[in-house]
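# Structure at a glance
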Amino acid sequence: MADRLRGLLKGAIGPSDNDSRYLLDVHSRELPGEDTMRQYAPGEEVDLVIVGAGAGGSVLAQRLARHGWNIVILEAGPFWHPDEDWVSDEAGSHELYWTQNRIIGGADPIELGKNNSGRGVGGSMVHYAGYTPRFHPSDFSTLTDDGVGADWPINYEDLRPHYEQVEAELPVAGQNWPWGHPHRYPFSPHPISGAAARLWEGAHKLGIEMRVGPVGIVNGTFGNRPHCIYRGYCLQGCKVNAKASPYVTHLPDALAHAVEIRANCMAARVEVDQATGRATGVVYHDEVGGAEILQRARFVAIAGYSIETPRLLLNSISSRFPHGLCNDEDQVGRYIMVQGASQTTGRFPDELRMYKAPPPEVSSEQFYETDLSRGFARGFSIQTVSPLPIGWAEHVLADGHWGRAMREYMRDYNHWATIGVLNELLPQPENRITIAEPIDPYGIPIARMDYSLCENDKSNIAHSTEVITDILHAADAQDVLTIYRYAHLVGGARMGSSPQASVVDANQRSWAVPNLFVADGSVCPTQGSANPALTIMALASRLAARMASGAAMDDDPLARAGTGTRQAATPQHARSRSS
Amino acid sequence: MPDFRDHAHLPNLRPDREPPHPSWLPRQEVGISPQMVGRYPDFDVLSAADTWDEATKSVVMARLKDPAPLRFFTPDQEPTLRAFCDTVMAQDVEPRVPVAEFVDDKLAAGRLDGYQYADMPDDRDTWRLVLHGLDHTARTRYGAAGFAEADPENRETIVDDLAHAHLDGGPWEELNIARAWSVCMRAILAGFYSHPWAWNEIGFGGPAYPRGFMRLGPLSTTEPFERHGSTSEDPVDAVHQGLGHG
Ligand SMILES: Cc1cc2nc3c(=O)[nH]c(=O)nc-3n(C[C@H](O)[C@H](O)[C@H](O)COP(=O)(O)OP(=O)(O)OC[C@H]3O[C@@H](n4cnc5c(N)ncnc54)[C@H](O)[C@@H]3O)c2cc1C
Ligand code: SF4
């Protein structure tokens, strides 16, 4: 009975305290309020300046604006006008990505660019795929429970209410979720494509449970946001407004509450008062070759993505912080993580046309936690994906084909279905962001990212790739191609219980500068095998609540250490203080 | 007509890992496909162009314009560039997708991919070195004046060695060859498979905004404007069984 009622109400109840869905225009995709938004003078001290209008920065701004804070967001990329700027085309979407140079090194360098981060109002979620799973409760204590990774200074219960709130705001569509902390979604699952159905069948034969979703894609209508039209170009920016990104889910409400987004403004460094050690604002350029401008603020929050956030801190050099801001303990940039994201693609007799429907459709978290019989710690998730032609050509290339063989496989494109994994690769100190020699067009030194896999990572990747290959065989695939790749960066300014082992405390406040916060995926100490965007938004939502109440500015050492003190001190006491 | 439900044409499943000669395929009948081969002879993605949004249409249609002269590569690099692009995409006759022009435009405009391997030069220098290297190997190994002048089989052998990082000497010593291959192929594949002629060849439905896709399967996966791959079924039987095209 209760389930039936809940079923009837699916899609009917929206979030309170966020009117973005009503503020959007039915006939135009522009972010309403660009022309009428509040404008602050740089010399005017605002309450908060945020670097980056992405997943973390936008949620933080929307929440605190509702509490009456005066906020400026500096965003390096453009203010999008989707009707004109975004196209239903793979190669034509190059401008969405952060394509300024970065150096990649280490034993297993990670290819960046279109595969990793975005640049512009809305951040990387403008072109993310749309999977929005939660982390599992087990993610918050892998060091204690699995002997690998790190313990978070907060736990799942600290984030749970924020997961629920953000899921209502995106809104997330999916089946009832049996893994981690079991939960339901506000919107019903989407219909799935023939390609995803084949993959699900294969998994089913092997006893692997899969579920539809979870995706941040409107199923039905949501205020003035329409239903998905299954056109499959989610990674090129949704021209429909069906897919969630801060551009449609949080920024309209933020602009309506006196937030100013200053687009095409590249932050160069955080300015610190050398006498008090407090941040006074952020220095930025509003054009290439332009003068430095200081936006003054009482508080500073950095949310520039896992590469740019450490880069900005490391480039903020002063006599007080000669090795970069908050870097006295050499922690900034370390423990950067990516998820293994191998994909296998299988051939079927029928035309499946995987380009239809959103790429994210069906997933499984059955292998998420440690299973010692597999011979490695922690696990992986499985998700269907569906590359468009250029993306799929890269698969064919990765399997060793070019020339006539490439053309032959590509002509076969409509017969293939693709499934991928996300591996929880472990945080390691030498996987890190540093500053490289070359400079960007603004004259700011660029980032270098070094990455090497450890043995546990390699075993996880090898095992999980076997599992998805088995799924394809069980589905009676006639041929199988494999590509090894990576996705989703987090870490680099991690939260923790002591300044010696982290950059920010349990409230995402930097240990070194009392009014400086980090509000993006950089703060994650581990990454689980769930896609990170929902967690990044939930973290920002929690941070906002605690900044608004003042709890985030608590100088009490136990409050700053969070649940990380639980082994040392009285566990229950420490835990309740952080939530 | 060949049977596309079968998988005998897939290189991995063939003894020599080589595909059959393209002559096993039907000729393109409507619209254009590269070399006029394809699996969807009566499908032209451009027949739906009037349903695309303006922004997308202008980006896609620009690819059909007559290619402009090269801006990034010099006239003496041009033959090697063209021979390389033709060889890796097996474009031996007209009509060709103008891949060389796509690469040239990307590099001239500095639209790079957003990362550079620590042990590699800038992508633009990588391209120049690869072209030098191809000429170097064609000269030293086959006595040809350059890569473009080498026999097609020899060009393929050189490219195969490039794909397997089995080249050395001269400019190759300055490159991590596997990474250089990936730099070049990323640009080439993006050029080739962003072109509507290639979409015709592979039966890809193309841009779909604002129209969207209605037929996700399992009953049907083709929109009214899309076409099935040609099949071995007798068309009369197919109609009786309700498998009619479109
Ligand atoms: C192809 C692809 C698919 C993905 N799919 C999924 C998925 O299905 N599910 C999922 O959960 N995640 C997915 N992700 C990852 C997800 O998009 C990101 O993890 C998330 O958006 C990161 O949020 P963030 O707040 O850390 O940074 P972002 O959202 O990237 O925001 C950072 C913003 O800061 C700006 N900025 C950076 N430096 C500066 C500076 N110095 N000055 C001013 N502005 C600056 C940037 O321009 C950017 O707009 C995907 C990513 C990609 C690339
Ligand atoms: S498939 Fe749906 S969510 Fe994805 S881009 Fe198209 S309309 Fe948007």
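First, a word on scope: everything that follows refers to the structure included in this document. (Residues numbered from 1 in each chain as written. Chains lettered and ligands numbered in written order. Predicted model: local features only at pLDDT ≥ 70, side-chain atom pairs only at ≥ 80, totals over all residues. Heavy atoms only, no water.)

## A word on the overall build of chain A
Each helix and strand counted, chain A has 16 helices and 18 strands in total. Computed over the C-alpha atoms, the radius of gyration of chain A is 23 Å, within 12% of the 25 Å expected from 2.2 N^0.38 for a compact globule of 579 residues. Put simply, of all contacts in chain A between residues at least 6 apart along the chain, 75% involve residues at least 24 apart. Between the averaged position of the 49 positive side-chain charges in chain A and that of its 67 negative side-chain charges there is a distance of 3 Å. (Helix = DSSP H or I, 4+ residues; strand = E, 2+ residues; numbered from the N terminus. Rg over C-alpha atoms; globule rule 2.2 N^0.38 Å. Contact = heavy atoms within 4.5 Å. Lys, Arg positive; Asp, Glu negative; His and termini not counted. Charge placed at Lys NZ, Arg CZ, Asp CG, Glu CD.)

## A few points about the overall build of chain B
Per the secondary structure count, chain B includes eight helices and one strand. Of the regular secondary structure in chain B, the N- to C-terminal order runs α-α-α-β-α-α-α-α-α. Along the first, second and third principal axes, the C-alpha atoms of chain B reach 65 × 45 × 30 Å. For chain B, the proportion of its 246 residues judged to be buried stands at 52%. A separation of at least 24 residues holds for 63% of the contacts in chain B among residues at least 6 apart in sequence. (Buried < 20%, exposed > 50% of the residue type's maximum accessible area, 1.4 Å probe, protein only.)

## Remarks on the pattern of salt bridges
Across all of its chains, the model carries 59 salt bridges over all chains by this definition. Ionic pairing is found between R311(A) and E308(A), a salt bridge with its closest N-O pair at 2.7 Å. Taken together, the residues span about one helical turn, with R311(A) and E308(A) both in helix α10 (residues 308-315) at a distance of three residues. The class of R311(A) is buried, set by a relative accessible area of 4%. One salt bridge in this structure joins D123(B) and R186(B), with 3.9 Å as the shortest N-O distance. Taken together, the residues D123(B) in helix α4 (residues 123-142) and R186(B) in helix α6 (residues 177-192) connect sequence positions 63 residues apart. An identical accessibility class is assigned to D123(B) and R186(B); each is buried. When salt bridges that share partners are traced, they join E351(A), R353(A), K356(A), R215(B), E223(B) and E226(B) into one network. (Salt bridge = Lys/Arg side-chain N within 4 Å of Asp/Glu carboxyl O.)

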